[in-house]
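Structural overview for review
Below are the chains, spelled out letter by letter.
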Amino acid sequence: AQSVTQLDSHVSVSEGTPVLLRCNYSSSYSPSLFWYVQHPNKGLQLLLKYTSAATLVKGINGFEAEFKKSETSFHLTKPSAHMSDAAEYFCVPNQGGKLIFGQGTELSVKP
Amino acid sequence: GAGVSQSPRYKVAKRGQDVALRCDPISGHVSLFWYQQALGQGPEFLTYFQNEAQLDKSGLPSDRFFAERPEGSVSTLKIQRTQQEDSAVYLCASSLGWGDYEQYFGPGTRLTVT
């Protein structure tokens, strides 16, 4: 079975500064991992997914994530935060077709 | 094309009432999923359909919860005799298939049981 740990429940950055949202996974085999974003009172939007084709995955809105097997990590990054990035972010393993969500990381962006 | 749609967006039910929540998946998506998201929590898997077949209902919290997808398109999640603990956002997602395919989510139905 796969599981993930999002190391921060809340991250606050200033607009224009880099974003780093940390995710570590635990899996006995190569995982299938997604990052989803949820804006307040909105549905979940897929940012990107990793399925072993490439370790650096580029997503929408300037986000990307790098799968590092040696560190069992799949951290989400963005070079420059925008106010519209303020939302809840979920690192989600795909376990046999089911998405297994944790608590997520809330990202705040200060002007 | 159009995304996943859900109706109603908001539902208030008195305790003990039955409710029905509807999901219209993306056209051509054979897989459909229901998730429940309690306030301040991440979504939790409820059930899954491949076309009209309900292949996994392991996440349904009780036998008061029932889901169907009779023609392999629109799905309905029904909750009988609602309880306060059923208050949550119910999310529907669809995908091209089972496994590593991306799941696309609808806006959800916020159910409040009073």
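Refer to the structure presented above.
So, a few notes on the structure that sits alongside this text. Remember, it's a predicted structure, so these values are computed and weren't measured experimentally. (Residues numbered from 1 in each chain as written. Chains lettered and ligands numbered in written order. Predicted model: local features only at pLDDT ≥ 70, side-chain atom pairs only at ≥ 80, totals over all residues. Heavy atoms only, no water.)

If you tally the helices and strands in chain A, you get zero helices and 12 strands. Going from the N terminus to the C terminus, chain A shows its helices and strands as β-β-β-β-β-β-β-β-β-β-β-β. Computed over C-alpha atoms, the radius of gyration of chain A comes to 13 Å, within 12% of the 13 Å expected from 2.2 N^0.38 for 111 residues, which places it in the range of a compact globule. When its C-alpha atoms are laid out on the principal axes, chain A stretches across 40 × 25 × 20 Å. Residues classed as buried in chain A amount to 44% of the 111 residues present. Of the contacts formed within chain A by residues at least 6 apart in sequence, a portion of 54% connects residues at least 24 apart. Surface exposure of chain A reaches about 5200 Å², of which carbon and sulfur atoms provide 51%. Across chain A, 9 positive and 8 negative side-chain charges occur, with their mean positions spaced 7 Å apart. (Helix = DSSP H or I, 4+ residues; strand = E, 2+ residues; numbered from the N terminus. Rg over C-alpha atoms; globule rule 2.2 N^0.38 Å. Buried < 20%, exposed > 50% of the residue type's maximum accessible area, 1.4 Å probe, protein only. Contact = heavy atoms within 4.5 Å. Areas by Shrake-Rupley, 256 points an atom, 1.4 Å probe, with all protein chains shown as cover. Lys, Arg positive; Asp, Glu negative; His and termini not counted. Charge placed at Lys NZ, Arg CZ, Asp CG, Glu CD.)

Our next topic: the packing of aromatic side chains. All chains considered together, the criterion is met by 17 aromatic pairs over all chains. For the pair Y50(A) and F74(A), a centre-to-centre distance of 5.9 Å together with 50° between the ring planes defines the contact as tilted. Taken together, the positions of Y50(A) in strand β6 (residues 44–50) and F74(A) in strand β9 (residues 73–78) put the pair 24 residues apart, joining distant regions of the chain. F74(A) carries the same exposure label as Y50(A), and that label is buried. Arranged with centres 6.4 Å apart and planes meeting at 40°, the rings of F65(B) and Y90(B) form a pair that is tilted. In this pair, F65(B) sits in strand β7 (residues 65–68) while Y90(B) sits in strand β9 (residues 88–95), placing the two residues 25 residues apart along the sequence. With respect to class, F65(B) is no different from Y90(B); both count as buried. One aromatic cluster is present, formed by F34(A), Y36(A), F90(A), F101(A), F33(B), Y35(B), F45(B), Y48(B), W98(B) and F105(B) through successive ring pairs. (Phe/Tyr/Trp six-rings, centres within 6.5 Å; stacked < 30°, edge-to-face > 60°.)

Okay, the sheet that holds strand β1 (residues 5–7) of chain B next. Hydrogen bonds between backbone groups are what pair the strands of a sheet, and the pairing can be parallel or antiparallel. Residues and elements named next belong to chain B. Spatial strand order, β1-β3-β8-β7: four strands in an open sheet with antiparallel pairing. Both outer strands of the open sheet, β1 and β7, are each paired with one neighbouring strand and no more. Pairs of neighbouring strands in the sheet enclose a mean axial angle of 15°, with direction left out of account. As paired strands, β7 and strand β8 (residues 75–79) are joined by four bridges and run antiparallel to one another. Within the sheet, the bridge partner assigned to A67 lies in β8 and is L77. (Pairing = 2+ DSSP bridges. Axes fitted to C-alpha atoms, helices over the stretch in contact; angles between N-to-C directions.)

Turning next to the interface of chain A and chain B. At the interface, 20 residues of chain A touch 22 residues of chain B. The junction of chain A with chain B conceals about 1600 Å² of combined surface from both sides, 49% of it contributed by carbon and sulfur atoms. Here chain A and chain B share two salt bridges between them. Applying the counting criterion to the chain A and chain B interface returns seven residue pairs in polar contact (both at pLDDT 80 or more). Elements that contribute at least two residues to the side of chain A that touches chain B include exactly β5 (33–38), β6, β10 (87–95) and β11 (98–99) of chain A. Classifying every residue of the side of chain A that touches chain B gives seven nonpolar, 10 polar and three charged. (Buried area = accessible area lost by both parts, 1.4 Å probe. Salt bridge = Lys/Arg side-chain N within 4 Å of Asp/Glu carboxyl O. Polar contact = N/O pair within 3.5 Å; in protein donor to acceptor, adjacent residues only side chain to side chain. Nonpolar A, V, L, I, M, F, W, Y, C, P; charged D, E, K, R; others polar.)

Another point: the environment of T72(A). All names here are of chain A. Tracing the sequence through the fold places T72 in the loop between β8 (64–68) and β9. Considering only alpha carbons, one finds T72 and F90, 18 residues apart in sequence, at a separation of 17 Å. Ignoring anything within four residues of it in the chain, the contact list for T72 reads C23, N24 and Y25.

What follows deals with the pairing of strand β2 (residues 10–14) of chain A. All names here are of chain A. Of the two faces of β2, only the one carrying V11 and V13 is buried; H10, S12 and S14 on the other face are not. The pairing of β2 with strand β12 (residues 105–110) spans five bridges and is parallel. Counterpart to H10 in the pairing with β12 is E106.

Membership of the largest hydrophobic core comes to 25 residues, with the highest contact counts inside it found for W35(A), F74(A), L76(A) and Y89(A). If sequence neighbours within four positions are ignored, L76(A) has contacts with V19(A), L20(A), L21(A), W35(A), L47(A), L48(A), F63(A), E64(A), A65(A) and Y89(A). V4(B), L21(B), A67(B) and L111(B) belong to the second-largest nonpolar core, a separate cluster that totals 20 residues. (Core = buried A, V, L, I, M, F, W, Y, C linked by side-chain atoms within 4.5 Å.)

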